[in-house]
Amino acid sequence: MGTGSDSTDQELPVTSASFGKQRRVSITTSRTTSAQCSSIQPLMDSYVDLELDPDHAYKVADHLRRCASCQSDKQNLEQLKTLLRTRVATCDPAAVDRLQTYLHTLCQQEQ
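Reference entry: report on the structure contained in this document. Keep in mind the model is a prediction, meaning the values are calculated, not measured.

**A closer look at the side chain of Lys81**
Point 1. Residue position: Lys81 is located in helix 4 (residues 68-89).
Point 2. In this structure the side chain of Lys81 is engaged in a polar contact, spanning 3.0 Å, whose partner is the side chain of Asp49.
Point 3. Dropping the residues within four chain positions of it, Lys81 is found in contact with Asp45, Val48 and Asp49.

Put into structure tokens, the structure is as follows:
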């Protein structure tokens, strides 16, 4: 069984937590045509979040030890999740207050 892979670079806008300025982060995603990689890719998000049962987690970990392309995909996913957590942690407090006020108003209207 032959395998091939294509890589694409995607740029994502990310706001720097320290300066509040937007910068672009390049994340490379790989697409591998291997049947085994195709069965691992749907599990990757749950694997990174430690949500898989032990059998599936072992299957993914075993594949990652042997597949550089999927290792790269896992690292990119971890990077993206870290950036998203950072972005959520630095949201504008005034925007949160406005949202809470709006939700409170909606709740009162339903009563």
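After presenting the structure, the write-up continues.
**A few points about unusual backbone geometry**
Point 1. Residue Leu50 is not a glycine yet carries a positive backbone phi of 60°.
Point 2. Locating Leu50 in the fold gives a position in the loop between helix 2 (44-48) and helix 3 (54-66).

**Observations concerning the nonpolar core**
When a protein is soluble and globular, its nonpolar side chains tend to lie buried together.
Point 1. Residues Met44, Tyr47, Leu52, Val60, Leu64 and Cys70 are the most contacted members of the largest nonpolar core, which totals 13 residues.
Point 2. Broken down by secondary-structure element, the contributors of at least two residues to this core are helix 1 (35-40), helix 2, helix 3 and helix 4.

**Brief notes about a nonpolar patch on the surface**
Point 1. On the surface, Leu99, Tyr102 and Leu103 cluster together into a nonpolar patch covering about 320 Å² of accessible area.
Point 2. Checked against the element boundaries, Leu99 lands in helix 5 (residues 93-110).

Cut-offs applied
- Residues numbered from 1 in each chain as written.
- Predicted model: local features only at pLDDT ≥ 70, side-chain atom pairs only at ≥ 80, totals over all residues.
- Heavy atoms only, no water.
- Helix = DSSP H or I, 4+ residues; strand = E, 2+ residues; numbered from the N terminus.
- Polar contact = N/O pair within 3.5 Å; in protein donor to acceptor, adjacent residues only side chain to side chain.
- Contact = heavy atoms within 4.5 Å.
- Core = buried A, V, L, I, M, F, W, Y, C linked by side-chain atoms within 4.5 Å.
- Buried < 20%, exposed > 50% of the residue type's maximum accessible area, 1.4 Å probe, protein only.
- Patch = residues over 30% accessible without salt bridge, like charges linked within 9 Å, V, L, I, M, F, W, Y side chains within 5 Å.
- Areas by Shrake-Rupley, 256 points an atom, 1.4 Å probe, with all protein chains shown as cover.
- Salt bridge = Lys/Arg side-chain N within 4 Å of Asp/Glu carboxyl O.

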